[in-house]
Amino acid sequence: MDPCLSISSRNRVVGVLLPLPLASPYDYIVPHEIIVERGSFVQVPFGRRNVIGVVWGGSQGTVGLERLREIQNLADLPPMPLETLEFIEWVSKYTLSKLGSVLRMAMSVPSALAPPKAVTAYKLSPGIQGKCESVPQGLRLTNERKRIIQILGDGEPRRASDIANAAGTSVSVVRGLAKAGVLEVITVAAKRNVPEPDPDQARAILNEAQAIAAKKITDVMDQGYSVSLIDGVTGSGKTEVYFEAIASALRLGRQVAVLLPEIALTANWLERFEASFGVPPVTWHSDLPLSERRQNWLSALDGTAKLIVGARSALMLPYKNLGLIVIDEEHDLSFKQEESVIYNARDMAIVRGRIGEFPIVLSSATPSLETLDNVWRNRYRHLSLSARYSGANLPDISSIDMRKEKLARQNWLSPSLASLVIETLKAGEQIMLFLNRRGYAPLTLCRACGHCLACPQCTAWLVEHRLRDRLQCHHCGYTAHVPNKCPMCQVEDKFAACGPGVERLAEEARRKFSDARVEIMSSDSVRKAVDAQMLVRRMESRKIDILIGTQIMAKGFHFPMLTLVGVIDADLGLIGGDLRAMERTYQLLHQVAGRAGRATRPGRVLLQTYQPEHPVMAALIRGDRDDFMKMEAEARRKLNMPPYGRLVGVIVSGPNQDAVENTSNLLGKTAPRHEGLDVLGPAPAPISVIRGRHRRRLLVRAKKDLYIQEILRRWVFAAKTEKGTRISIDIDPYSFN
C-alpha cells in the first residue's frame, strides 16, 4: 500500500472504508476545510445514517462526481497506522472475507470514535501564579489552601478529586477556592491514565537454560522480523523467558502484545506480570466493561498502552508502534475464530510481525505440528527448556487398562485410581481429576421408549446440568428443565442420565471420599477472572482437596501441593474423524499431566484408558513427544494433509433445507478441476443443524504451492445462492463439525 494518500483531482475525492460487510471503499468528497490522510477516521453519510469509517486511499472512480456525498467530520483521533491498514487488507485477501468486516474487528469499540467526554476541572485564575502572595486580599490561607495553589502552579488543569487527593484535603476546600476567585472552573476532555511498565523492575532469577534462551531472543529484538519458539516442558519457566523479551522491546520504546488462550482465566498470570513490571498490564477481552474497552482501544491507537495482554481479538487493535507479539500456548484451539471473519490469530500474528518487521515469540510445552514443521525447516528459531524450574521432577505417567478394571454400576473412578486418591489424601496432598465433559451427563434417555432429549434448534443432545437444574445445548445455548414425562411415549419419571460429566464425577468423589473437600472447575463454574482467582486462592490455601474439571484446568495453573492427576475417559478426544484428533489429545493430556508435582513433592498421573497401546497413550507414558510428533507428521505428509497440504472448508447454511442442498449441490457440480486439487462433498455437516440453520460442507484439499484463494474466489464467489443461504469459507480449518 502506498503510504502517501493521493487526493483525486476529481474535486478532492477519497475512498472511505466503512466497518460493515463491504468488499471495498466508497468514494466521498473531501470538503476544503478538512485535511485528511490515509488512515484518518471520518464521519460520512451512508444511506440514511451517519457512519465513522477510515480514509483508505484515493478515489475508486466507480461513481460519477455528481452522485458523490461529502465527508461530514474528521474525528479528533490519530489516524489508523499504515501497518494496520496493510494487515487488514492481507487478512481480508487470505481469509476471503469482506474488507469492511475485517476493519470492523479493528474498530470494535464504536464509542471510542466519539468525542471524549468532557469533565469539570480547575486551574489557577489569571493573575494567580502559584504563589500565595498573589491571592486576593482578605482571603485566609490555610495550609491546605496553600498546598492546592502550589500544586496548580504548573498550569495544568485538574479535577477536584485529583487536586484534593494530592493536597491531602477535601473537595470542598477546592470548591471554596474557586468561589473565592482563586481558581477558575473550566471544562476539559477526560484524560486517560495508562500504567507505564518498568522494564528494569527486578524479576525472577533465571537458571542457565532460561538465561541462554532469553539472550537468544533479546539479541534479535531490534533486528527485524523473526519467529522464536520457546519449547519447554510444563513448569520450566517459559513465561520468565518471554518476560525478558518484553522488557527488551519496552526498552526500545515499542509496544508489546501478549496473546493468551483464555484471558478470563489468567488472574494468577496477571499478578506475575505486575510483580515483574511494577504495574498491571492493559488488558483486552470480551469481559471488559465498555468504558475500559474504549480507554484501552484509544491507548493502543495513540501508543500510551505500552503492553496489552489479551485474547485473540487483541491482535486486531490499531497499535501505533507495535514491536513484539508473544503468543502463549500457541497450540491452543481458542486462537482460531470460527465465526464471521474466520482466522487463526497465531498465524495472523506471524503475518503482522512480517508486515511490521518485528519479532514474534511463540511459547508452548506441546507445540503444534505446524510450528514444529517450521522449526524443522529452520524457519523458526528453537529454544528448548527441557527441565522444570527449581529442580522439580516431571511427573510419572502410567495407564490404567479399563478393560481389566471392575467398576460398579454408575461408577467412573477405577479401583486403582480410587486407592491412590485415598493414599494421596492421607499424605495431606491435593488431587486433580480431569474429565473433558461439562455438566452432569451428556445424554438423557427415556428408559421406557429409548427417546433421547435433543435440542430443538440443533442436531445435538441436550446436556444435563444438575447443579442448575437445566438441560442445555452446548452449541446454541438453548436451555430447558428435565420434563416429568417423555414427550414421545408420555410415560412419567423414566428419564435416566447416561454417561458422566464433571458434576457426576464430583458426586461420586464426594460419596467415595466423604471427608475430602471437592470442587468443580469448568466454564460453567468459572465464568470470569475473579472466579478463577478465588478458586486458585482456595487451592493455594489448601481449602480444596480434590479439584474436578475440564480442559480449562490445563491452562498453566501452579499448585505446589497437587501431586496426583487422574484422567477419566482419556480416550474421549480420539473419537471421530478429526485429522488433528491424536495431536490434540496428546497436547491436552500432556498439559493436564503437567499440573502434577510442580514443586518439591513428586507427581503421579494415571490415564484411565481402554486403549493403553494407542500411540498417544504410549507416547505420554514414555515421555516421547518428539517421536510421536514425527510419526504424526509422516502420516499427514503421506495424505497431503496440513501442514504439508492445504485444506479449506466451504460451509453452506440456511434456514431452508432444500435451499441449502440446492446451493451446495450447485457448488459440487461447478467445483474446479485443477491438478493437485480435490473437492470432497457436498455432504451434511456432522452437526447438520445449528441454531435452526441447516448445514452442508465441502472440503477442498490442495497442494501447498497452489494459490488456493484465487481458485476459490472464481468458484465460490461466482455461485448463485438461493434466498436465505450463506456460504462461509474456512481457510485452514481446525473444526469439521
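Above this text you will find the structure in question.
Residues numbered from 1 in each chain as written. Predicted model: local features only at pLDDT ≥ 70, side-chain atom pairs only at ≥ 80, totals over all residues. Heavy atoms only, no water.

A. View of the side chain of Arg203. With respect to the secondary-structure elements, Arg203 resides in the loop between β7 (183-189) and α6 (208-218). What makes Arg203 buried here is its relative accessible area of 18%. In this structure the side chain of Arg203 is engaged in a polar contact, spanning 2.9 Å, whose partner is the backbone oxygen of Pro199. Within the structure, the side chain of Arg203 is placed 3.0 Å from the side chain of Glu244, a separation counted as a polar contact. When neighbours within four sequence positions are excluded, Arg203 is seen to be in contact with Asp198, Phe243, Glu244, Ala247, Arg251, Ser276 and Phe277. (Helix = DSSP H or I, 4+ residues; strand = E, 2+ residues; numbered from the N terminus. Buried < 20%, exposed > 50% of the residue type's maximum accessible area, 1.4 Å probe, protein only. Polar contact = N/O pair within 3.5 Å; in protein donor to acceptor, adjacent residues only side chain to side chain. Contact = heavy atoms within 4.5 Å.)

B. Summary view of unusual backbone geometry. The linkage connecting Pro642 with the following residue, Pro643, adopts the cis geometry, with an omega of 10°. When you line up the elements, Pro643 lands in the loop between α17 (625-638) and β28 (645-654). Note that the residue after Gly681, namely Pro682, is joined by a cis bond; omega there is 10°. Looking at the secondary structure, you find Pro682 in strand β29 (residues 677-690). At Leu96, a position not held by glycine, the phi torsion is positive, near 60°.

C. The arrangement of α17 in detail. The terminal C-alpha atoms of α17, which comprises 14 residues, lie 20 Å apart, in line with the 20 Å expected from a rise of 1.5 Å per residue. Those residues of α17 lying buried are Arg625, Phe628, Met629, Glu632, Ala633 and Arg636. Down the axis of α17, the buried set is contained in an arc of 140°. They therefore lie on one face. Close packing links the buried residues of α17 with β8 (226-232), α11 (369-376), α15 (581-593) and α16 (615-622). Between a side-chain oxygen at the N-terminus of α17 and the backbone nitrogen of Asp627 the separation is 3.4 Å; the capping residue is Asp624. In the segment just after α17, Asn640 is the residue with positive phi, at about 55°. (Expected span 1.5 Å × (residues − 1). Arc of directions from axis to C-beta.)

D. Local environment of the pattern of salt bridges. A full pass over the atoms with the stated rule returns 36 salt bridges. Two residues, Glu429 and Arg601, come together in a salt bridge whose shortest N-O distance is 2.9 Å. Of this pair, Glu429 sits in the loop between α12 (415-426) and β18 (430-434) while Arg601 sits in the loop between α15 and β27 (604-609), placing them 172 residues apart in sequence. A network of salt bridges, in which partner residues are shared, links Asp231, Arg625 and Asp626. (Salt bridge = Lys/Arg side-chain N within 4 Å of Asp/Glu carboxyl O.)

E. Here's a closer look at the state of the cysteines. Applying the stated criterion across every chain yields a total of zero disulfides. The thiol sulfur of Cys446 is not disulfide-bonded, and the nearest other cysteine sulfur, from Cys489, lies at 3.7 Å. Under the relative-accessibility criterion, Cys446 is labelled buried at 1%. Cys476 carries a free sulfur, and the closest cysteine sulfur to it, the one in Cys455, is 3.6 Å from it. (Disulfide = S-S within 2.5 Å.)

F. Geometry of the environment of Trp715. Here Trp715 is to be found in helix α19 (residues 708-716). Taking C-alpha positions, Trp715 is 7.3 Å from Thr670, a pair spaced 45 residues apart along the chain. What Trp715 contacts, discounting residues up to four positions off in sequence, is Val650, Leu667, Thr670, Ala671, Pro672, Val679, Leu698 and Val700.

G. Representation of the sheet that holds strand β21 (residues 470-472). Strand order in this open sheet of three strands is β20-β21-β22, and the pairing throughout is antiparallel. The two strands at the open ends of the sheet, each matched to only one other strand, are β20 (463-465) and β22 (479-480). Direction of pairing for β20 relative to β21: antiparallel, over a ladder of three bridges. Across the sheet, residue Glu464 finds its bridge partner in β21, namely Leu471. (Pairing = 2+ DSSP bridges.)

H. Summary view of the pairing of strand β19 (residues 443-446). Residues Thr444 and Cys446 point to one face of β19 and are all buried, whereas Leu443 and Leu445, pointing to the other face, are not buried. Here β19 pairs with strand β23 (residues 495-498) via four bridges, running antiparallel. Across the sheet, Thr444 pairs through a bridge with Ala497, a residue of β23.

I. Expanded view of the nonpolar core. Among the nonpolar cores identified, the biggest contains 92 residues, and Phe41, Met80, Trp297, Ile308, Ile325 and Leu547 are the most heavily contacted of them. Of all the elements, helix α10 (residues 345-356) adds the most residues to this core, at six residues. Here Leu547 is in contact with Ile431, Met432, Leu433, Glu519, Ile520, Met521, Leu535, Met539, Met553 and Phe559, once residues within four sequence places are set aside. (Core = buried A, V, L, I, M, F, W, Y, C linked by side-chain atoms within 4.5 Å.)

J. Up close: helix α2 (residues 99-106). The buried fraction of α2 amounts to seven of the eight residues, a majority that puts the element mostly inside the structure. For α2, every residue scored as buried is listed here: Leu99, Gly100, Ser101, Val102, Leu103, Met105 and Ala106. Tucked into the core, α2 has its buried residues touching β1 (13-17), β4 (49-58), α1 (82-95), α9 (290-302), β13 (336-337) and β14 (343-344).

K. A look at the environment of Leu77. Following the sequence through the fold, Leu77 ends up in the loop between β5 (73-74) and α1. Separated by 224 residues in sequence, Leu77 and Leu301 have C-alpha atoms that sit 8.5 Å apart. Ignoring anything within four residues of it in the chain, the contact list for Leu77 reads Phe41, Ala112, Leu113, Leu298 and Leu301.

L. How the structure looks around the packing of helix α3 (residues 143-151) against helix α5 (residues 171-179). For the pair α3 and α5, the least separation of the axes is 10 Å and the interaxial angle reads 75°. One element, α3, and the other, α5, form an angle in the roughly perpendicular class. Contacts between α3 and α5 involve Glu144, Arg145 and Ile148 from the former and Val173, Val174 and Leu177 from the latter. Here the residues of the contact of α3 with α5 sort into four nonpolar, no polar and two charged. (Axes fitted to C-alpha atoms, helices over the stretch in contact; angles between N-to-C directions. Parallel < 35°, antiparallel > 145°, perpendicular 65-115°, else oblique. Nonpolar A, V, L, I, M, F, W, Y, C, P; charged D, E, K, R; others polar.)

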